[in-house]
Amino acid sequence: MQTTKIGLICILILGSCTVMLDDMEETRLIKPYRDPYFEPSPTMRFNLLKHHIQYIKDYSHLIPDSKVPKEIILAQGILESDGGRSNAARNKNNHFGIYFGDTLAYFDSPARCFEYHSKLLNRRYFVQTTDCGVWANNLEANGYATDTMYAETLISIIEQIRL
């Protein structure tokens, strides 16, 4: 009986933590970088922070010329690596959560990662358009990520960086 109570308490605590984490995730993004000419909508899925803006400055020059819109690549890099702060980005130069089999891929430089990612998108997810909305929806529909809101999140990031 006591085990059951502890189990229920753990479930309740974990359940509330999950809710709190979801709420924290939302509130964590309440202090975004504020462009004086841009006011994010209250329904925006992702708010850029200062380190995301720095990410654009630091890594946008690494995007290779390709038919993939640069905004898509930058938005994915910001989202997948938390603006370069993820362990994968810092320790493995992996800005896009790329796996080789079951192993998180290691790249010898961020430039190699951006190059590989661009080739991957051109090979597996290519869409004959420069429309970022079409690209984002195509990536989500074809399983690039498991998040069912992936396209909406990318579009939200792209709207904010206004490249």
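You'll find the structure just up there.
What comes next is a walk through the structure. Just so it is clear, the structure is predicted and the values come from calculations on it, not from any experiment. (Residues numbered from 1 in each chain as written. Predicted model: local features only at pLDDT ≥ 70, side-chain atom pairs only at ≥ 80, totals over all residues. Heavy atoms only, no water.)

## So, the nonpolar core
- Counting residues in hydrophobic clusters, the biggest one holds 32 residues, and the most contacted among them are Ile-72, Leu-121, Leu-139 and Tyr-144.
- At the level of elements, helix H2 (50-59), helix H3 (70-81), helix H5 (110-124), helix H6 (132-141) and helix H7 (150-161) are the ones that each hand at least two residues to this core.
- The biggest single contributor to this core is H7, with 6 residues.
- The residues touching Ile-72, leaving out its near neighbours within four places in the chain, are Leu-121, Cys-132, Trp-135, Ala-136, Leu-139 and Ile-158. (Core = buried A, V, L, I, M, F, W, Y, C linked by side-chain atoms within 4.5 Å. Buried < 20%, exposed > 50% of the residue type's maximum accessible area, 1.4 Å probe, protein only. Helix = DSSP H or I, 4+ residues; strand = E, 2+ residues; numbered from the N terminus. Contact = heavy atoms within 4.5 Å.)

## Some remarks on H3
- Given a rise of 1.5 Å per residue, 12 residues ought to cover 16 Å, and the 16 Å separating the end C-alpha atoms of H3 matches this to within 8%.
- The positive-phi residue at the C-terminal boundary of H3 is Asp-82, with phi of around 50°. (Expected span 1.5 Å × (residues − 1).)

## Some details on the packing of H2 against H3
- Running from N to C, H2 and H3 cross one another at 130°; their axes reach a closest spacing of 10 Å. Comparing their axes, H3 and H2 come out oblique. Of the two elements, H2 crosses H3, and the hand of that crossing is right-handed. Within the contact between the two elements, H2 uses His-52, Tyr-55 and Ile-56 and H3 uses Leu-74, Gly-77, Ile-78 and Ser-81.
- The class makeup of the residues in the contact of H2 with H3 is 4 nonpolar, 3 polar and no charged. (Axes fitted to C-alpha atoms, helices over the stretch in contact; angles between N-to-C directions. Parallel < 35°, antiparallel > 145°, perpendicular 65-115°, else oblique. Left-handed = near helix turned anticlockwise from the far one by under 90°. Nonpolar A, V, L, I, M, F, W, Y, C, P; charged D, E, K, R; others polar.)

## Quick look at the packing of H3 against H5
- In contact at an axis separation of 11 Å, H3 and H5 are set at 120° when each is read in the N-to-C sense. The angle between H3 and H5 falls in the class oblique. Considering the relative orientation of H3 and H5, their crossing is right-handed. Counted together, Ile-72, Ile-73 and Gln-76 of H3 and Phe-114, His-117, Ser-118 and Leu-121 of H5 form the full contact between these two elements.
- Split by residue class, the contact of H3 with H5 holds 4 nonpolar, 3 polar and no charged.

## Remarks on unusual backbone geometry
- The phi dihedral of Asp-82 is positive, around 50°, even though this residue is not glycine.
- You can see Asp-82 is positioned in the loop between H3 and helix H4 (87-92).
- Assessed through its relative accessible area of 29%, Asp-82 is described here as partly exposed.
- Backbone geometry places Asn-93, a non-glycine residue, at a positive phi of 55°.

## Things to note about the environment of Gly-77
- Along the chain, the position of Gly-77 falls in helix H3.
- Residues Gly-77 and Ala-89, spaced 12 residues apart in sequence, show a C-alpha to C-alpha distance of 9.3 Å.
- If near-sequence neighbours (up to four positions away) are discounted, Gly-77 is found in contact with Tyr-55, Asp-82, Gly-83, His-95 and Phe-96.

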